[in-house]
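One-letter residues, chain by chain:
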Amino acid sequence: MRNTDRKMWFFLGAGDIILINFAFILAHYLRFDTISFSDSYIFLLLVFNFSWILVSAMFSLYTISRVDHVEHIVYNTIKAGFTHALIITALLFSIKASEEFSRLLILYTYIIDFIIVILWRFIALAFIKRYRVSGYNYHRVVLVGTGSISHQMYKFFQSSQSHGFKLLSVFYYQEIKENYDFSGVDLKDISEVEQFCIDNKIDEIYYAMGMKEDKIIYDLISFSDKNMIRLRILPDFSSFL
């Protein structure tokens, strides 16, 4: 995991934990008109926190793809919330402590937590998107190929919806036959791709050429594995009948 990705993981995770604790404290105040906790409620709060850490790992809540839609992320968070509630309920019944704790407090906690965590997720994702658009936390990528598939990816990387991908170069094979505009990035021969990736610390290579170029594909796979660079193959089947 890159350092910037760790920061995003911590940013979202720390926010959730803070809000869970805030929701619990507020619910306790609404139910008992005090924020002075007994030992049993301190125990319950600790269980809330550790259970959420477990659930967030189960659902990979903080491993967010750069092309994930907000709706999918929020839906995943809601599923995690229901799972967390089931774990808490099952745990309280298993230790026969369901009567010891106020059910109204637990209900208040989940209502408050649901509202503020979902709101926090929207705010956090908007902030992360703005952060990436400003030129931070981006992935360095290159394109191999100059056909229609490659040009579609080029337009995506150049758009405001690129979610933090920075296209550094496009590599062509033998000669550029297609009449596509790749202005704004350097066009280089494919023989330079390996050295360029090493010199510029490339994170991902996007292969967008025909699937008949076995030697090129094999060399890129071997090079990517040795240098821990992610290779994504976007096959162009236009060369097939």
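Conventions used here
- Residues numbered from 1 in each chain as written.
- Predicted model: local features only at pLDDT ≥ 70, side-chain atom pairs only at ≥ 80, totals over all residues.
- Heavy atoms only, no water.
- Helix = DSSP H or I, 4+ residues; strand = E, 2+ residues; numbered from the N terminus.
- Buried < 20%, exposed > 50% of the residue type's maximum accessible area, 1.4 Å probe, protein only.
- Contact = heavy atoms within 4.5 Å.
- Areas by Shrake-Rupley, 256 points an atom, 1.4 Å probe, with all protein chains shown as cover.
- Expected span 1.5 Å × (residues − 1).
- Axes fitted to C-alpha atoms, helices over the stretch in contact; angles between N-to-C directions.
- Parallel < 35°, antiparallel > 145°, perpendicular 65-115°, else oblique.
- Left-handed = near helix turned anticlockwise from the far one by under 90°.
- Nonpolar A, V, L, I, M, F, W, Y, C, P; charged D, E, K, R; others polar.
- Pairing = 2+ DSSP bridges.
- Right-handed = clockwise from strand over helix to strand, strands pointing away.
- Phe/Tyr/Trp six-rings, centres within 6.5 Å; stacked < 30°, edge-to-face > 60°.
- Patch = residues over 30% accessible without salt bridge, like charges linked within 9 Å, V, L, I, M, F, W, Y side chains within 5 Å.
- Salt bridge = Lys/Arg side-chain N within 4 Å of Asp/Glu carboxyl O.

This brings us to the overall build of the chain. Counting its secondary structure elements, the chain contains seven helices and five strands. Along the chain, helices and strands appear, N-terminal first, in the series α-α-α-α-β-α-β-β-α-β-α-β. Within the chain, buried positions represent 40% of all 241 residues. For the chain, contacts bridging at least 24 residues in sequence account for 75% of all contacts bridging at least 6. When the accessible surface of the chain is split by element, carbon and sulfur atoms take 61% of a total near 14,200 Å².

This paragraph deals with the side chain of Thr 83. Along the polypeptide, Thr 83 turns up in helix 3 (residues 70-94). Exposure remark for Thr 83: the relative accessible area of 19% places this residue in the buried category. If we skip the residues at most four places from it in the chain, Thr 83 touches Val 55, Met 58 and Phe 59.

Under the 1.5 Å per step criterion, the end-to-end length of helix 7 (residues 214-227) is 20 Å for 14 residues, consistent within 8% with the ideal 20 Å. In the segment just after helix 7, Met 228 is the residue with positive phi, at about 55°.

Let us look at the packing of helix 2 (residues 39-58) against helix 3. It is at 9 Å that the axes of helix 2 and helix 3 come closest, and there the two elements cross at 135°. Our classification of the angle between helix 2 and helix 3 gives oblique. In terms of crossing hand, the pair formed by helix 2 and helix 3 is right-handed. Contacts between helix 2 and helix 3 involve Leu 44, Val 47, Phe 48, Ser 51, Trp 52, Val 55 and Met 58 on the former and, on the latter, Thr 77, Ala 80, Gly 81, Thr 83, His 84, Ile 87, Ile 88, Leu 91 and Leu 92. When the residues that make up the contact of helix 2 with helix 3 are grouped by side-chain class, the tally is 11 nonpolar, five polar and no charged.

Okay, the environment of His 139 next. Examined against the element boundaries, His 139 turns out to sit in strand 1 (residues 139-144). Residue classification places His 139 among the buried residues on the basis of a relative accessible area of 11%. The spatial distance from the C-alpha of His 139 to the C-alpha of Glu 204 is 7.3 Å, given a sequence separation of 65 residues.

Our next topic: the pairing of strand 5 (residues 230-233). Remember that side chains alternate between the two faces of the sheet whenever the strand is regular. With four bridges connecting them, strand 4 (residues 204-207) and strand 5 associate as parallel partners. Within strand 5, the residue paired with Tyr 207 across the bridge is Ile 233. As a crossover connection, the stretch from strand 4 through helix 7 into strand 5 is right-handed.

Bringing the packing of aromatic side chains into the picture now. Tallied over the full model, the rule gives 13 aromatic pairs. The interplanar angle of 50° and the centroid separation of 6.4 Å between the aromatic rings of Phe 156 and Phe 165 together place this pair among those described as tilted. Residue Phe 156 is classed as partly exposed on the basis of its relative accessible area, which comes to 26%. Members of the aromatic cluster, connected to one another through ring pairs, are Phe 24, Phe 37, Phe 48 and Tyr 110.

Okay, a nonpolar patch on the surface next. Together, Leu 104, Leu 107, Ile 111, Phe 114 and Ile 115 make up a nonpolar patch on the protein surface, roughly 470 Å² of accessible area in all. Tracing the backbone shows Leu 107 in helix 4 (residues 103-133). The partly exposed category is assigned to Leu 107, whose relative accessible area is 46%.

If you trace the backbone, Tyr 173 turns up in the loop between strand 2 (165-172) and strand 3 (186-189). The residues contacting Tyr 173, other than those within four sequence positions of it, are Ile 190, Met 209, Glu 213 and Ile 216.

Moving on, we get to the pairing of strand 1. Most of strand 1 is tucked away: five of the six residues are buried. Pairing of strand 1 with strand 2, which is carried by six bridges, proceeds in the parallel orientation. For Val 141, the partnering residue across the bridge sits in strand 2 and is Leu 167. In this structure, strand 1 lies alongside strand 4, joined through four bridges in parallel fashion. Counted as the bridge partner of Val 142 is Ile 205 from strand 4.

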